[in-house]
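# Structural overview
Below are the chains, spelled out letter by letter.
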Amino acid sequence: MQEPGVIKRLDEAVVNRIAAGEIIQRPANALKELLENSLDAKSNYIQVTIKSGGLKLLQIQDNGTGIRKEDLAIVCERFTTSKLNKFEDLTEIATFGFRGEALASISHVAHLTIQTKTAQERCGYKASYADSKLLAAPKPCAGNQGTIITIEDLFYNMPQRRQVLKSPAEEQQKVSDVLSKYAVHNPHVGFTLKRHGEPPSVKTQAGTTRAENIRLIYGAAIAKELLEFTYEDALLRFEVHCLMTQVNYAAKKGMLLLFINERLVESAPLKGAVDAVYASYLPKGSHPFVYMSLKLPPHNIDVNVHPTKHEVHFLYEDEIIEKLKGQVEAQLLGSNATRSFYKQL
Ligand code: ADP
Ligand code: MG
């Protein structure tokens, strides 16, 4: 007879690392979390610097509220967040992904340093972390209001993960993709992305428009074909702002930038619906560029969101998608019939 296996408890550090590795899978995931933190902190300037596609260095500097000195001791612990003020916030908290897990996770799989200054404090403070814990008392330092998060040697303690990751060039592409999408969505914020010691590869100014940022980042060929519309549905309770190419534009590779309640997400059904509308107007095998920002009541979004599962579901999904489909089609038809193209920028 075979002996049963002996069950042992895994080492806590290993457990934490495995959990963290599920949340932070590559530099681009980490960047998404950090961008959202900077935006939540009301920044209007965000600069990202990378080395080796973010694997060697991923640094994000913002001019937001900063982190209070008193909070530096616990900021990297799991489930610590400043975004939960009252119980009523709970559903909202969950939908927006405020789980207080991003910094904690990063500290388990990389070398993490936070430099930060609030408006109230006279000087800034700098602190380093490992496995959720502060390594030494925060050191006073000079600096402007805001936060600099420095992540070095991502997955230094997960050699297998490092191996399966794509080349630095591919990681950089993914980092650039995430930053570009957030830049289009947030024209009130100036974004910069650069490789260490090089001029910026993406740079937007604060206070422009989404259309202008699309032109800047994705090019004039797309920007000059854009149709823009907003639509509000009182019955289904949603709002949408959309910038989409009209039928003159056809690319081999399509693009759908989808934001729901300010978060970059994916929705296969919505993407399918948009593709289906365009399919009857575009040559076979070609695709549009579509930016869409949806606002829904937070409690209608499936709160069972995992930080890396960007696919979302929401209440009245079929009905809302049907409505959106109708709007997109009306725009395409309108542009065909009247040639009222989006104004040149
Ligand atoms: P969450 O965003 O879910 O609260 P995080 O681990 O991403 O969890 O961040 C923990 C906390 O650290 C935030 O609630 C916020 O108070 C603070 N924080 C993180 N990044 C910044 C930043 N760039 N500026 C100001 N505060 C920040
Ligand atoms: Mg966060």
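Residues numbered from 1 in each chain as written. Chains lettered and ligands numbered in written order. Predicted model: local features only at pLDDT ≥ 70, side-chain atom pairs only at ≥ 80, totals over all residues.

## A closer look at the overall build of the chain
- Helix and strand content of the chain: ten helices and 14 strands.
- Relative to the compact-globule value of 20 Å for 345 residues, the chain shows a C-alpha radius of gyration of 22 Å, a close match.
- Projected onto the principal axes, the alpha-carbon positions of the chain cover approximately 65 × 65 × 45 Å.
- Across the 345 residues in the chain, those meeting the buried criterion constitute 34%.
- Contacts spanning at least 24 positions in sequence make up 68% of the contacts within the chain whose residues lie at least 6 apart. (Helix = DSSP H or I, 4+ residues; strand = E, 2+ residues; numbered from the N terminus. Rg over C-alpha atoms; globule rule 2.2 N^0.38 Å. Buried ≥ 20, exposed ≤ 12 C-beta atoms within 10 Å, placed from the backbone. Contact = placed C-beta atoms within 7 Å.)

## Notes on the environment of S180
- Within the fold, S180 resides in helix 6 (residues 168-185).
- On the basis of neighbour counts, which here come to 21 C-beta atoms within 10 Å, the residue S180 falls in the buried class.
- In this structure the C-alpha to C-alpha distance between S180 and L193, which are 13 residues apart in sequence, comes to 8.9 Å.
- For S180, the residues in contact, after removing those within four places along its chain, are V202 and I217.

## Remarks on the site of ligand 1
- Ligand 1 sits among 22 residues. The nearest are N37, A41, T81, S82 and A102.
- Elements with a minimum of two residues in the shell around ligand 1: helix 2 (27-40) and helix 4 (102-109).
- A breakdown of the residues in the shell around ligand 1 according to their chemical character gives seven nonpolar, ten polar and five charged. (Near = placed C-beta within 6 Å. Nonpolar A, V, L, I, M, F, W, Y, C, P; charged D, E, K, R; others polar.)

## Details of the pairing of strand 4 (residues 124-130)
- Pairing between strand 3 (residues 111-117) and strand 4: five bridges, direction antiparallel. Paired with Q115 across the strands is K126, a residue of strand 4.
- The turn linking strand 3 back onto strand 4 is made up of six residues.
- Of the strand pairs in this sheet, strand 4 and strand 6 (residues 139-141) are connected by three bridges, and their pairing is antiparallel. What sits directly across from Y125, in strand 6, is P140.
- When strand 4 meets strand 5 (residues 133-134), the two strands line up antiparallel, connected through two bridges. Considered in strand 5, the bridge of Y129 is made with L134.
- Adjacent in sequence and paired antiparallel, strand 4 and strand 5 are bridged by two residues, among which D131 carries a positive phi angle near 45 degrees. (Pairing = 2+ DSSP bridges.)

## Quick word on the packing of helix 2 against helix 6
- In the contact formed by helix 2 and helix 6, the axes pass within 8 Å of each other and the chain directions differ by 25 degrees. By the criterion of interaxial angle, the relationship of helix 2 to helix 6 is roughly parallel. For the element pair helix 2 and helix 6, the recorded crossing hand is right-handed. Contacts between helix 2 and helix 6 pair P27, A28, L31, K32 and L35 from the former with E171, K174, V175, V178, L179 and Y182 from the latter.
- Of the residues contributing to the contact of helix 2 with helix 6, the split by class is eight nonpolar, no polar and three charged. (Axes fitted to C-alpha atoms, helices over the stretch in contact; angles between N-to-C directions. Parallel < 35°, antiparallel > 145°, perpendicular 65-115°, else oblique. Left-handed = near helix turned anticlockwise from the far one by under 90°.)

## A word on the domain arrangement of the chain
- What the domain assignment lists for the chain is domain 1 (12-203) and domain 2 (220-338).
- Taking only C-alpha atoms, the centre of domain 1 and the centre of domain 2 are 29 Å apart. (Domains from an automatic or database assignment.)

## Quick notes on the sheet that holds strand 10 (residues 226-233)
- Spatial ordering of the open sheet is given by 10-11-14-12-13, a layout of five strands whose pairing is mixed. Each edge of the open sheet carries a strand with a single partner, namely strand 10 and strand 13 (263-264).

## Points about the confidence of the model for the chain
- Scored by pLDDT, the chain has a mean of 90; 90% of the residues are at 70 or more.
- Note that residues 337-345 has pLDDT below 50 and, in this model, twelve contacts with residues that lie over four places away or in other chains.
- Reported for the predicted complex are a pTM of 0.92 and an ipTM of 0.99. (pLDDT = per-residue confidence, 0-100.)

## Looking at helix 7 (residues 210-218)
- Those residues of helix 7 that fall on the buried side of the exposure criterion are R210, N213 and I214. Seen end-on, helix 7 carries its buried residues on one side only, within an arc spanning 105 degrees.
- A positive backbone phi angle near 105 degrees is found at G219, which sits one or two residues after helix 7. (Arc of directions from axis to C-beta.)

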